[in-house]
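Geometric and topological summary
In case you want the letters, here they are:
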Number of protein chains: 2
Amino acid sequence: MEIVDLSTLPQKDTRYDEFLKQVCEKYEMDHAAYAGMNPAAGSIHGHVTYSDEWKAHYQEQGLHLIDPTLHMSQRSIAPVDWSRLERGKDFQRVFRDAHDFGIPDQGITIPVRGPYGDIGLLSATRECSREEWKKLVGSVITDLQSLAVHIHDHVMTSESISRMLYHPTLSSREQEILQWAAAGKSQQDIGDILSISHRTVEVHLRSAREKLNALTTPQAVGRAIGIGLIYPG
Amino acid sequence: MEIVDLSTLPQKDTRYDEFLKQVCEKYEMDHAAYAGMNPAAGSIHGHVTYSDEWKAHYQEQGLHLIDPTLHMSQRSIAPVDWSRLERGKDFQRVFRDAHDFGIPDQGITIPVRGPYGDIGLLSATRECSREEWKKLVGSVITDLQSLAVHIHDHVMTSESISRMLYHPTLSSREQEILQWAAAGKSQQDIGDILSISHRTVEVHLRSAREKLNALTTPQAVGRAIGIGLIYPG
DNA sequence: GAATCTATTGGGGGATTCCCGTAGTTTGGC
DNA sequence: GCCAAACTACGGGAATCCCCCAATAGATTC
């Protein structure tokens, strides 16, 4: 996974940073962050109101690989209050570091999903008492959900980023062969079915794995199904 | 695609119908409808406040195959006002029929996506002037977005739906290991992660394949994702 | 015409999966 | 208490997958 800090791009679009700042002000938050990711394409990109030092540290340390807020988002639909995250090793690591940069572990993340396996996350943090936080969240969560959809939709439909993040396209042969693999056929079977060498089948499977950023065929099949390139066989 | 009317099931859960009715009342709508679909698994299920006659007609005619509100939802993240739908052949067909059953073509559909490729749609309609409708939508859309997430999350995690769709149930260990396989881990990797022998991992994968009636692990992963037992890793 | 991409086939070899067993412990239900 | 099922663990051997390499033909692009 590679991190792309959208604010450093040449076609930098300051509207998003501005947008996040406004979110902070309007909803009385310390920080707001948007992250978009596409596991199949293997990319993460984002806008944050955090300090540049934290951004640099986060990227240097590869914290995106263990960030529990990112992991959570891969399986949740509903907003997740950080207090409900599992207090594991990764959590300790990320939030201990975050604390050193003045970022509290009191926050909320709202995931939204797009049609191409893309995931958008809108997070907001605030340092205050637990009671105060609960009350705040209750009063702004529906607005934040709406904003999360809005910003993710906006980012994904913008030309510059969508080209980077769009789900990979398999060649018709790759798609065909992956479909047979999902149907439980071995490489030899597929070769016989398509009247080609099982060697060739393996080549196509490999390139399909590469395009889907998958380490194994099972993972490739899973991702292809997840983004609708093939169907469960 | 097969349609399942959740309200006709023996384990019928009237809370959803009740919920939709309340949505109508609270937000001054004529009708509200929830539809959940999983293109990968090829299923559609739903709750509606429409008349039984319309439900029957809809299913008999197979209107779900051409319903533009369903099609739209497969590629959109943001809410879609029906006035923005393409006025094509399918639109004419569905909404002409709908009109005969007292359902207006003024409505809005809010799509939400889950981690398994599942899509939830919350729709609401109201017969009134264009100005009135615009004003109404503006004032309730954020609430509806929030409700859409809520109901879809609820339906997808409810026991009844998963039982209804006849899913083989994997043991927690099998599910866990299959999830790691979908994440691209080898049997040896998984054994190391879970601190068990890679032989044992293979046993669990085998029984998972048997339960899913799959010939290979890729097929098992695909099916498990298709029916929502695991998510693409 | 050259370069690039895709589809195709092949060899060799190591890594991995998969199927055939056996067997002890735990867990939950009857 | 008993039984079925799940979970754990181990091993041999065959099948399969996966990765390295190279090579040809056709289509498209520059």
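As the structure is a computational prediction, the values presented were derived from the model and not from experiment.

Let us look at the nonpolar core. One finds Leu 178 and Leu 212 of chain A together with Leu 178 of chain B to be the most contacted residues of the largest nonpolar core, which totals 37 residues. Of all the secondary-structure elements, those providing two or more residues to this core are α7 (172–182), α8 (187–194), α9 (198–211) and α10 (217–226) of chain A together with α7 (172–182), α8 (187–194), α9 (198–211) and α10 (217–226) of chain B. With sequence-adjacent residues up to four places away left out, Leu 212 of chain A is seen in contact with Ala 40, Pro 168, Leu 170, Leu 178, Ala 220, Arg 223, Ala 224, Ile 227 and Leu 229 of chain A.

The next thing to look at is the interface of chain B and chain A. Listed by partner, the interface residues are 37 residues for chain B and 33 residues for chain A. In total, about 2,900 Å² of surface goes out of reach between chain B and chain A, with carbon and sulfur atoms giving 63% of it. Of all residues in chain B, Ile 77, Arg 113 and Tyr 231 of chain B bury the most surface against chain A, accounting for 21% of the area lost on that side. For the pair chain B and chain A, the number of links is zero salt bridges. Inspection of the chain B/chain A interface yields five residue pairs in polar contact (both at pLDDT 80 or more). Ranked by residue count, the leading element in the side of chain B that touches chain A is α10 of chain B, at eight residues. Residues of the side of chain B that touches chain A, tallied by class, amount to 16 nonpolar, 15 polar and six charged.

Per-chain confidence: chain A averages 85 in pLDDT, with 90% of residues scoring 70 or above. Across residues 1–11 of chain A, confidence stays below pLDDT 50; counting only partners more than four residues off in sequence or on other chains, it has 32 contacts.

Take the protein's contact with DNA strand D next. Taken together, 17 residues are adjacent to DNA strand D, and Arg 209 of chain A together with Ser 171, Arg 173, Ile 196 and His 204 of chain B come closest. For DNA strand D, the backbone makes up 62% of the atoms found within 4 Å of the protein, where backbone means sugar plus phosphate. Between DNA strand D and His 204 of chain B, the relevant distance is 2.8 Å, taken from a phosphate oxygen to a side-chain nitrogen or oxygen of the residue. Those elements that provide at least two residues to the surface near DNA strand D are α9 of chain A together with α7 and α9 of chain B. Looking at the surface near DNA strand D, the element that brings in the most residues is α9 of chain B, giving five residues. The residue makeup of the surface near DNA strand D, split by class, is two nonpolar, eight polar and seven charged.

Conventions adopted
- Residues numbered from 1 in each chain as written.
- Chains lettered and ligands numbered in written order.
- Predicted model: local features only at pLDDT ≥ 70, side-chain atom pairs only at ≥ 80, totals over all residues.
- Heavy atoms only, no water.
- Core = buried A, V, L, I, M, F, W, Y, C linked by side-chain atoms within 4.5 Å.
- Buried < 20%, exposed > 50% of the residue type's maximum accessible area, 1.4 Å probe, protein only.
- Helix = DSSP H or I, 4+ residues; strand = E, 2+ residues; numbered from the N terminus.
- Contact = heavy atoms within 4.5 Å.
- Buried area = accessible area lost by both parts, 1.4 Å probe.
- Salt bridge = Lys/Arg side-chain N within 4 Å of Asp/Glu carboxyl O.
- Polar contact = N/O pair within 3.5 Å; in protein donor to acceptor, adjacent residues only side chain to side chain.
- Nonpolar A, V, L, I, M, F, W, Y, C, P; charged D, E, K, R; others polar.
- pLDDT = per-residue confidence, 0-100.
- Near = heavy atom within 4 Å.

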